[in-house]
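Chain by chain, the residues run as shown.
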Amino acid sequence: MKDLHLDIHYVTRLEGHGNIVVNVKDGKLEEYRWEVPEAPRFFEAMVRGRRYDEAPHITSRICGICSIGHTLAAVQGIEAAIGVRPSEQTLLLRKLALHGETLQSHILHVGYLVVPDLLGVNSVIPLASTHTEAVLLIVRLHRLANEMSDLVCGRTTHPINIGINGWTRLPTVKELQGLRQRLVDAIPDLKTLVSVVQTLQLPAFERETEYLALKHPDEYAFYEGDIASTDGDVTPVSQYKSKVKEFIIPYSTSKRARGNRHSLAVGALARFNNNYAQLSPLAQQVAAALGLKAVCCNPFMNNVAQVVESAHAVEDSIHLIDKLLSRGIKEEDRRVEVQAGSGVGGVEVPRGTLYHEYTVDDQGIITGCNLIIPTGQNHQNIEDDMAAYLPQLLDRPDEEIALKLQMLVRSYDPCISCSTH
Amino acid sequence: MKPKVAIFDFGCCEGCQLQIVNLEEDILGVLGLVDVVAWREAVTGASDDYDIALVEGSITMESEIPRLQAIRERAKVLVALGACAHLGGINCLKNYMDQKEVGRYVYGSKAKWFPSIQARPLSAVVPVDLAIPGCPVDRQELAEVIKAVALGKKPPIPNYAVCVECQRKENVCVFDKGMTCLGPVTRAGCDAICPTYGDGCIGCRGLLDDVNTQSHKQVLQDHGLTVEQMLANFRLFDGYFDVAKA
């Protein structure tokens, strides 16, 4: 019977530091851990004592990849705490900003971090000479996403102009018209991306999982909604702690979370599983072309769900820009009267549902903060998947087992420094 | 022989190394000058043989100190990549709080499992040859600095204030809008991006060499900030340094 000892320290092509530890003796799985040794930065403690309008700028620094998402969750949480409801223009632009980030993050993950595994190389760098056309396609889509964020938010990493109750700089009509044209022009590239992804073979592995995502009656939820579970229950974001229950283990500086079961999953696949009927027409075609059907319990299909959502982000952005252009862009009065209170923001960022809760005093000073990060919610599910997947792999060579486990972790697109924050 | 480059990170958001990817096609120009031999976030497989180390993040755990020292011993040139590595950055906000209370606030009774030290820049632990400032670093400046270091030249980091770039962009002065700004004492090179997008400079690129911060502190107080508020502005990114202490 097989003996196996794996200590993969650190897993590569991930954001942040994570280790896989496995011990198999006589074919029996004796030990398995998904360890997170990332340095804690204590953002929830650090934000206390700062002014309410500094929360978006400070918490943006939790994550380099999803800083727009953190900024939006922070403005939402602060606005809920101080009793402000921003204008429709502000909300439309926030949704546009979120699509830019989702596209950037999904293309980065699928194109730069996952595809090398499926083509048997160690990074995207050798692919630049062997698969030049495909790499240039990825670069073009990635550039479009980043330039969209630069245009709307000032900067793709750590956005500048997303403020409480509005924008400190609005895009011009001309800029939005230009962006709209570039998004329309990108649709053929998206279709080519789909045909590239069609040629890739993902591992077949399924484990029944509770998937959580925000749900909204009018749209495929990204910016706001209630917390929906594939188990059937729905919870308002303000009650997030009763649905997403955090716990702490010694070998992970990131907290973990569970819902109805031993573990839960969030992210592109979780959103697809809860809200697939609300995807844009192009995204629905992409899902059909790539064989993604709800409810899908293969974690590797999260990569496919990211491609589906990339199509949705492009198509829905065109739709949002049309709405903005038909209304016209207007400077708005952003002044607020601060009242003491507590509030929760909940946003679907690339890796899943992000919660920011703040308490603010009557002087506008933050006195309390709690943050639940998507990857933190996925860590327990990753470990539970490892336990279910390993017995199916034991007849394979050790190197292949190690690769498949790393691919499993990567499929969740973990953002580890963010999860520890 | 192309110089060998390794990229590492400590406590941070990894947003600065993401700017390497965000160079898009231009990354190929950089890769033409160097060999990337270690980069956990993007490449599987790593070598300990390198000439230039780009290091992101600040030091916040005892266990990180020997890891950084080993990198220092191997690298001929150690470059601090971004505000966390260069200044300690936003992570130093916790240095102004009771460390035990900070741990308890986040981890409750389990805080003892996750020991942490006062956040600090790389230069507080090992000698640093060069810093690329910013939170995040500016993509073009990053590319120019890597190219300069690879060619053994002095990198073009400005030593004039953000105000110079802001005026060149013909922005309305942030102070004239009734807000405050660290632009007069902060190192340029970002093209005054925050004032251009309607916000004040928050000082992420660090202070100019030999700048009179006392007079700027007076300016901030003349604009109605209390001493605590004025210091809070400096603590956002420069909290490790004396300027934020009194």
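A. Geometry of the packing of aromatic side chains. Applying the stated criterion to the full structure yields 10 aromatic pairs over all chains. Aromatic pair Phe272 of chain A and Tyr276 of chain A: ring centres 6.0 Å apart, planes at 40°, arrangement tilted. Judged by relative accessible area, Tyr276 of chain A falls into the partly exposed class, the value being 41%. Taken together, a centroid distance of 4.4 Å and an interplanar angle of 40° make the contact between Tyr107 of chain B and Phe114 of chain B tilted. Using a relative accessible area of 3% as the deciding quantity, one classes Tyr107 of chain B as buried. For Phe114 of chain B, a relative accessible area of 6% translates into the label buried. Chaining the aromatic ring pairs together yields one cluster made of Phe42 of chain A together with Tyr107, Trp113 and Phe114 of chain B.

B. Looking closely at the side chain of His379 of chain A. If you trace the backbone, His379 of chain A turns up in helix H12 (residues 374-393). Each residue touching His379 of chain A, except ones within four places of it in the same chain, is listed here: Trp34, Val36, Ser254, Lys255, Arg256, Ile416 and Ser419 of chain A.

C. The arrangement of the interface of chain B and chain A in detail. Opposite the 56 residues of chain B that make contact, chain A presents 63 residues. Of the roughly 5100 Å² buried between chain B and chain A, counting both surfaces, carbon and sulfur atoms make up 61%. At the boundary of chain B with chain A, the tally comes to 3 salt bridges. Its salt-bridge partner being Arg143 of chain A, residue Glu25 of chain B comes within 2.4 Å of it at the nearest N-O pair. Along the contact surface separating chain B from chain A lie 25 residue pairs in polar contact (both at pLDDT 80 or more). Those elements that provide at least two residues to the side of chain B that touches chain A are helix H1 (15-21), helix H2 (27-31), helix H3 (64-74), helix H5 (99-107), helix H8 (193-196) and helix H10 (227-238) of chain B. No other element matches H5 of chain B, which puts 6 residues into the side of chain B that touches chain A.

D. Just the domain arrangement of chain B, in detail. Residues and elements named next belong to chain B. According to the domain assignment, chain B consists of domain 1 (4-150) and domain 2 (162-245). The interface is formed by 18 residues belonging to domain 1 together with 15 residues belonging to domain 2. Carbon and sulfur atoms make up 64% of the area that domain 1 and domain 2 hide from each other, which totals about 1300 Å². Connecting domain 1 to domain 2 are 1 salt bridge.

E. Structural detail: the sheet that holds strand S4 (residues 77-81) of chain B. All names here are of chain B. Taken in spatial order, the 5 strands of this open sheet run S2-S1-S3-S4-S5, and their pairing is parallel. Sheet topology places strand S2 (35-39) and strand S5 (130-132) at the edges, where each strand pairs with a single neighbour. In this sheet, neighbouring strand axes are inclined to one another by 25° on average, regardless of whether the strands run parallel or antiparallel. Where strand S1 (residues 4-9) lies against S2, 4 bridges are found, and the strand directions are parallel.

Definitions and cut-offs
Residues numbered from 1 in each chain as written. Chains lettered and ligands numbered in written order. Predicted model: local features only at pLDDT ≥ 70, side-chain atom pairs only at ≥ 80, totals over all residues. Heavy atoms only, no water. Phe/Tyr/Trp six-rings, centres within 6.5 Å; stacked < 30°, edge-to-face > 60°. Buried < 20%, exposed > 50% of the residue type's maximum accessible area, 1.4 Å probe, protein only. Helix = DSSP H or I, 4+ residues; strand = E, 2+ residues; numbered from the N terminus. Contact = heavy atoms within 4.5 Å. Buried area = accessible area lost by both parts, 1.4 Å probe. Salt bridge = Lys/Arg side-chain N within 4 Å of Asp/Glu carboxyl O. Polar contact = N/O pair within 3.5 Å; in protein donor to acceptor, adjacent residues only side chain to side chain. Domains from an automatic or database assignment. Pairing = 2+ DSSP bridges. Axes fitted to C-alpha atoms, helices over the stretch in contact; angles between N-to-C directions.

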